[in-house]
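Tertiary structure, described
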Amino acid sequence: SAVISQKPSRDICQRGTSLTIQCQVDSQVTMMFWYRQQPGQSLTLIATANQGSEATYESGFVIDKFPISRPNLTFSTLTVSNMSPEDSSIYLCSVRAGVSYNEQFFGPGTRLTVL
Amino acid sequence: EDQVTQSPEALRLQEGESSSLNCSYTVSGLRGLFWYRQDPGKGPEFLFTLYSAGEEKEKERLKATLTKKESFLHITAPKPEDSATYLCAVQDNYGQNFVFGPGTRLSVLP
């Protein structure tokens with residue numbers, strides 16, 4: 001398994017500002033994933049972050065809005081830029097582990113409210 | 001396009017009242033089907049992976065089964081601590097992404 005921590009756990013931000021979310025894993029992993037979970041909804045993948053290369057973004061998500069850094073094999077950040085109330089969500093960091101790397105583990109999430 | 005639906009949307013059970021949650025999926029070549037439990041304010045917690053039709057996995061009061069079109073999460077004699085949202089996800093043979101269903105919100109009353 002993998003133990004994942006995120007900072008901050010929650011934040012309330014003003015429209016137009018940016019917030020950087022940190023994700024720390026207790027072991028080295030090749031890929032890290034960032035998800036969004038809007039109120040009452042399921043999880044939507046934002047992007048996949050590989051160490052040493054540009055993140056790969058899913059349809060509907062762009063680098064200018066959600067820049068990602070992956071400086072090493074245990075850490076990643078996701079920035080939510082120029083925020084609007086529609087960005088209010090839980091943001092989750094995730095990694096895959098297990099024998100076939102098919103077990104996906106999630107951090108506790110960052111609950112973001114944009115006023 | 002891979003799709004996952006779950007039913008019911010919400011389920012209320014009395015303690016000890018067994019039931020099943022359904023996950024129906026459409027995928028171009030199933031690599032794996034996954035069940036998660038999510039408590040309010042927390043990230044999803046991994047429960048099971050199922051790879052092929054006919055496979056079953058058990059953990060305490062939970063048992064997951066898989067057919068070619070759907071998966072069931074059977075809850076036997078549930079307790080209030082089983083109250084949570086249960087998420088189903090699939091991964092196909094072609095992509096890295098997990099497609100999640102909307103979840104079933106389970107409440108077990110004492």
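As a starting point, this report considers the structure included with it. Since this is a predicted model, take the numbers as computed values, not measurements.

1. Overview of the interface of chain A and chain B
- The interface of chain A with chain B comprises 18 residues on the first partner and 19 residues on the second.
- Run the count over chain A and chain B and you get four residue pairs in polar contact (both at pLDDT 80 or more).
- At the level of secondary structure, the elements contributing two or more residues to the side of chain A that touches chain B comprise strand E4 (31-37), strand E5 (43-50), strand E9 (89-97) and strand E10 (103-106) of chain A.
- When residues in the side of chain A that touches chain B are grouped by element, the largest group, four residues, is from E10(A).
- When its residues are assigned to classes, the side of chain A that touches chain B shows eight nonpolar, six polar and four charged.

2. Remarks on the sheet that holds strand E8 (residues 75-80) of chain A
All names here are of chain A.
- Within the open sheet, the four strands sit side by side as E1-E3-E8-E7. Their pairing is antiparallel. Of all the strands in the sheet, the pair left with one neighbour each is strand E1 (4-7) and strand E7 (68-72). Direction aside, neighbouring strands of the sheet carry axes that sit 20 degrees apart on average.
- When strand E3 (residues 19-25) meets E8, the two strands line up antiparallel, connected through six bridges. Residue Gln24 lies in a different strand from E8, and its bridge partner there is Phe75.

What counts as what
- Residues numbered from 1 in each chain as written.
- Chains lettered and ligands numbered in written order.
- Predicted model: local features only at pLDDT ≥ 70, side-chain atom pairs only at ≥ 80, totals over all residues.
- Heavy atoms only, no water.
- Contact = heavy atoms within 4.5 Å.
- Polar contact = N/O pair within 3.5 Å; in protein donor to acceptor, adjacent residues only side chain to side chain.
- Helix = DSSP H or I, 4+ residues; strand = E, 2+ residues; numbered from the N terminus.
- Nonpolar A, V, L, I, M, F, W, Y, C, P; charged D, E, K, R; others polar.
- Pairing = 2+ DSSP bridges.
- Axes fitted to C-alpha atoms, helices over the stretch in contact; angles between N-to-C directions.

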